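The primary structure of each chain is shown beneath.
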Amino acid sequence: MAEGAQHHHPQPRQYVQIALVLAVLTAAEVALFYLEDGVEEIGQTLTVPALLILSALKFYLVVAMFMHLRFEKPLLSRFFTSGAVLAGALYLITLATLGAVILF
Amino acid sequence: MAELVGGHGEGAGHHQVTGIDSRKLGMWVFLSSEFLFFGALINNYLLFKGRDFGPGALYPVELYDIPFTSISSFVLLMSSLTMVLAHSALARGDQYQTRTWLFATAFLGVVFVSGQFFEFGEFILHGLKLNINPAASAFYLLTGFHGFHVIIGVLMLMVLGFKSMRTGGLSEAEGLNVELVGLYWHFVDIIWIVIFVLVYLIQ
């Protein structure tokens, strides 16, 4: 942990606020799922990107605030981010190659 | 927490040239490598979920109970809050709250895993057996592997909680263990965030 990092860590009250935001984002995800089912005009072209953005936001909040990566030395962020990005890129390419997703 | 994890106690010998405790660095590298494991399993499921396995084939997507899984997801998400509150309480030196939040996190983990067992039981009752088709196998492998991670996390939390009860509180050196278990627990949570959207919500 970086020197003096504990002074930047959120307080319990802020952790609860972050958890509330996470709960609202989860509720929004579920609402989008049912919206897609109920309103045909919306379709997957809108809901899929929206769901991916919401989950990315949740992912970021947990990693940055609960795992404290935002307050850590940059080396840890580089390790973690490179692992996530490389794995994501590898599997996206595999899925595209096998025709499971269309990239362009 | 800087003092707890900085290694002024027993952990002082674990510092490297990076200035980061080697155990903590090791945990981050391990978690980074876990992306490959879970990525492979998610990839596997995405490849098979849309395949045609003949007339009358049963797929996991036909049996999903989204309200139930949403509540499970919420429970796991809230366990990340209780975990970070345990970490925060230990940094303040509040041993009672540390213990309480550690056990609360373990309890929420048990609730989540119980939900997963219930879901598997329901699916099997409906005929979706493990080997019925590759899509079902991929689903059980992915969610089961995640559930196994949660069980390991619950065991680690219980060990810390009972150790705290037995000794009257966790020492400064053990504070790093709480942080490492916390990192693992939050990681299990973020993997579920991805699974919930890619497997359950995007059909």
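Note that the structure is a prediction, hence the values are computed from the model and not measured. Sequence order as written defines the numbering, with residues in each chain counted from 1. For this description, chains carry letters from A and ligands carry numbers from 1, given in the order in which they are written. A pLDDT threshold of at least 70 governs which residues receive local features in this predicted model, and a stricter bar of 80 or more applies before side-chain atom pairs are shown or counted, although totals over entire chains, interfaces and linings include all residues.

### Topic: the overall build of chain B
Broken down by element type, chain B carries 6 helices and 0 strands. Helix and strand assignments come from DSSP, with helices taken as H or I runs of at least 4 residues and strands as E runs of at least 2, each series counted from the N terminus. Secondary structure elements in chain B, listed N-terminal to C-terminal, are α-α-α-α-α-α. Principal axes of the C-alpha set define a box for chain B whose edges measure 65 × 35 × 25 Å. The burial criterion counts other C-beta atoms lying within 10 Å of a residue's C-beta, which is placed from the backbone; the residue is buried at 20 or more, exposed at 12 or fewer, and partly exposed between these limits. Within chain B, buried positions represent 46% of all 203 residues.

### Details of helix α3 (residues 66–91) of chain B
A helix's residues, less one, multiplied by 1.5 Å, set its expected span. With 26 residues, α3 of chain B should cover 38 Å at 1.5 Å per step; its first-to-last C-alpha distance of 38 Å lies within 8% of that length. Of the residues flanking the end of α3 of chain B, it is G93 of chain B, one or two places downstream, whose phi is positive at about 80°.

### Some details on the confidence of the model for chain A
Residues and elements named next belong to chain A. With 82% of its residues at a pLDDT of 70 or more, chain A has an overall mean of 84. Note: pLDDT gives the predictor's confidence per residue, expressed from 0 to 100. Across chain A, element-level confidence peaks in helix α1 (residues 12–38) with a mean pLDDT of 92 and bottoms out in helix α3 (residues 74–97) with 88. When the criterion is pLDDT under 50, residues 1–6 qualifies, and its contacts beyond four places in sequence or with other chains add up to 15 contacts. Here the contact rule is simple: place C-beta atoms from the backbone, and any two residues whose C-beta atoms are within 7 Å are in contact.

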